[in-house]
Amino acid sequence: MKWKLAARSEKMNPSVLREILKVAERPGIISLAGGLPSPRTFPISAFAQACAQVLDVNGEAALQYAASEGYGPLREAVAHMLPWDVDPAQVLITTGSQQGLDLVAKVLLDPGSKVLVETPTYLGALQAFSPMEPDPVSVASDAEGVLPDDLRAKAAGSDARFIYLLPNFQNPTGRTMSEARRAAVVDAARQVGLPIVEDNPYGELWFDQPPPLPLTARHPQGCIYLGSFSKVLAPGLRLGFLVAPKSVFPKLLQAKQAADLHSPIFNQRMVHAVMQDGFLDRHVPTIRALYKHQRDVMVDALQQEMKGMDVEFNKPDGGMFLWLRLPQGIDTVALLPKAVERGVAFVPGAPFYADGGDPRTLRLSFVTASEEQIRQAIAALADAIREQLAH
Ligand code: PMP
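As the structure is a prediction and not an experimental result, all values here were calculated from the model.

Counting its regular elements, the protein chain contains 13 helices and 15 strands. Its C-alpha atoms give the protein chain a radius of gyration of 21 Å, within 12% of the compact-globule value 21 Å for 391 residues. Its C-alpha atoms give the protein chain principal-axis dimensions of roughly 65 × 60 × 55 Å. Taking all 391 residues of the protein chain together, 47% fall into the buried category. Of all intrachain contacts in the protein chain linking residues separated by at least 6 positions in sequence, the fraction that spans at least 24 positions is 74%.

This is how it looks when you write it as structure tokens:
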């Protein structure tokens with residue numbers, strides 16, 4: 001049987017990341033490639049308790065179909081948790097924030113629509129947008145994110161539908177927008193009438209001080225905000241949320257209804273039960289402390305192992321990722337098999353660029369490997385770079 005596929009399926013490609021992760025799962029490989037939170041942070045006993053409680057209190061409702069908007073008390077808890085005035089009626093519970101990206105794309109993008117993105121940006125967002133066949137446009141960015149002047153220039157006269165921004169501990173670079181940059185970006189977007197889609201799955205994972213207020217808090221009518229329980233509780237729950245202005249909320253809700261009717265109500269009720277009595281206020285600081293230590297170990301290993309090589313890397317203020325730029329002449333796609341031979345996997349930076357990547361860049365996760373593995377992996381990476389430079 002010859003199946004005739006929709007044109008949009010042409011745009012769906014296996015994630016480069018997934019292919020790399022397959023390699024990284026081989027025995028003996030230390031993977032700094034994945035975007036997985038540390039399983040040590042998963043609050044298993046709190047979920048065991050919540051599970052029993054949810055089934056005890058109202059097992060029938062927990063196992064029945066439910067409202068597409070999400071579980072009311074969870075929507076209220078989300079609205080309450082956010083640092084600006086959010087009406088629970090504006091909160092849509094999603095099946096991970098990845099679904100938020102899919103819904104936003106379905107509701108806002110036509111074939112050929114321009115969508116502005118950071119340089120580089122989250123690969124999963126490019127994947128979520130691409131079946132709608134938009135035209136992604138990279139906005140020039142520095143260590144603090146997009147440059148407001150280039151945002152203005154790219155948005156002017158382009159009929160761009162929105163700009164997709166990750167102000168906190170960005171995936172893939174780990175960078176964060178300063179207070180001044182946030183103000184300037186919101187001003188620029190407001191000035192040119194460009195909506196913002198703000199993705200913030202890592203904002204709670206700060207190390208020394210909380211990041212500045214979200215963009216949405218400054219301009220709620222011009223922003224759709226995406227949040228997630230994946231990094232503060234567990235990604236296997238597949239629960240996230242979006243906050244949207246009243247003008248677009250109904251369409252996002254209709255798209256959600258068509259996609260999966262609702263996110264698993266059992267999980268929603270469990271998360272709500274787990275969140276009672278300030279649980280996150282006790283739990284999240286333990287994740288911050290672990291990840292901060294892991295970051296310090298990786299930065300220290302990089303400082304020692306990359307000495308004398310022209311390798312640039314940042315020291316992220318939170319999140320899970322660190323970004324490297326290797327010496328001239330190195331292509332990290334070609335470097336990867338050499339690194340894997342030496343027992344370490346990373347993600348090359350190029351796939352994270354919407355239009356033409358910097359082949360010298362790569363992403364490292366500092367959260368899942370042990371301290372000893374991080375040191376071993378960075379030494380192996382340095383060896384692979386040295387070998388590549390010698391050729
Ligand atoms: N946005 C960003 C920037 C991410 O890094 C991720 C997870 N890798 C997601 C969204 C999706 O997360 P989830 O669907 O688990 O909430």
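Don't stop here, the text continues.
This part covers the UniProt feature "domain: Aminotransferase class I/classII large" (unreviewed entry) in the protein chain. Annotation from UniProt places "domain: Aminotransferase class I/classII large" (unreviewed entry) at residues 46-381. Counting secondary structure, residues 46-381 comes out at 43% helix and 15% strand; the distance between its end C-alpha atoms is 38 Å.

The next thing to look at is the pairing of strand E9 (residues 223-228). Burial analysis of E9 places 6 of its 6 residues in the buried class, which makes it a mostly covered element. The alternating pattern of E9 places Cys223, Tyr225 and Gly227 and Ile224, Leu226 and Ser228 on opposite faces, both of which are buried. Bridging between strand E8 (residues 196-199) and E9 involves 4 bridges; their strand directions are parallel. By the bridge assignment for E9, Glu198 is matched with Tyr225. In the sheet, E9 pairs with strand E10 (residues 240-243) via 4 bridges, with the strands oriented antiparallel. Bridge pairing in E10 places Ser228 opposite Gly240.

Another point: the sheet that holds strand E12 (residues 321-325). Taken in spatial order, the 4 strands of this open sheet run E11-E12-E15-E14, and their pairing is antiparallel. Sheet topology places strand E11 (312-313) and strand E14 (347-348) at the edges, where each strand pairs with a single neighbour. Across 2 bridges, E14 lies against strand E15 (residues 361-365) in antiparallel orientation. Bridging from a neighbouring strand, Val347 pairs with Arg363 of E15.

Below, the discussion takes up the environment of Leu166. When you line up the elements, Leu166 lands in the loop between strand E7 (162-165) and helix H7 (179-192). Along the sequence, Leu166 and Asn200 sit 34 residues apart, while their C-alpha atoms lie 6.1 Å from each other. What Leu166 contacts, discounting residues up to four positions off in sequence, is Glu118, Tyr122, Asn171 and Asp199.

Our next topic: the site of the ligand. Neighbouring the ligand are 14 residues, the closest being Gly96, Ser97, Gln98, Ser228 and Ser230. Residues belonging to the shell around the ligand are distributed by class as follows: 4 nonpolar, 9 polar and 1 charged.

The 7 strands are arranged E2-E10-E9-E8-E7-E3-E4 in an open sheet whose pairing can be described as mixed. Lying at the two open borders of the sheet, with one neighbouring strand each, are strand E2 (91-94) and strand E4 (135-139). Averaged over neighbouring strand pairs, the angle between their axes works out to 20° when direction is ignored. Packed on one face of the sheet, helix H6 (residues 148-155) meets strand E3 (114-118), E4 and E7 and runs near 150° to E4.

With that out of the way, let us pick up helix H10 (residues 265-274). Burial analysis of H10 places 9 of its 10 residues in the buried class, the great majority of the element. Listed in full, the buried residues belonging to H10 are Ile265, Asn267, Gln268, Arg269, Met270, Val271, His272, Ala273 and Val274. Packed against the buried residues of H10 are helix H2 (44-63), helix H3 (72-81), E2 and helix H11 (279-305).

Tracing the backbone shows Thr119 in the loop between E3 and helix H5 (123-129). With 203 residues separating them along the chain, Thr119 and Leu322 place their C-alpha atoms 15 Å apart. Those residues in contact with Thr119 that lie beyond four places of it in its chain are Ser138, Val139, Ala140, Ser141 and Tyr353.

Conventions and cut-offs
- Residues numbered from 1 in each chain as written.
- Predicted model: local features only at pLDDT ≥ 70, side-chain atom pairs only at ≥ 80, totals over all residues.
- Helix = DSSP H or I, 4+ residues; strand = E, 2+ residues; numbered from the N terminus.
- Rg over C-alpha atoms; globule rule 2.2 N^0.38 Å.
- Buried ≥ 20, exposed ≤ 12 C-beta atoms within 10 Å, placed from the backbone.
- Contact = placed C-beta atoms within 7 Å.
- UniProt positions renumbered as here; feature names shortened; annotations may be inferred.
- Pairing = 2+ DSSP bridges.
- Near = placed C-beta within 6 Å.
- Nonpolar A, V, L, I, M, F, W, Y, C, P; charged D, E, K, R; others polar.
- Axes fitted to C-alpha atoms, helices over the stretch in contact; angles between N-to-C directions.

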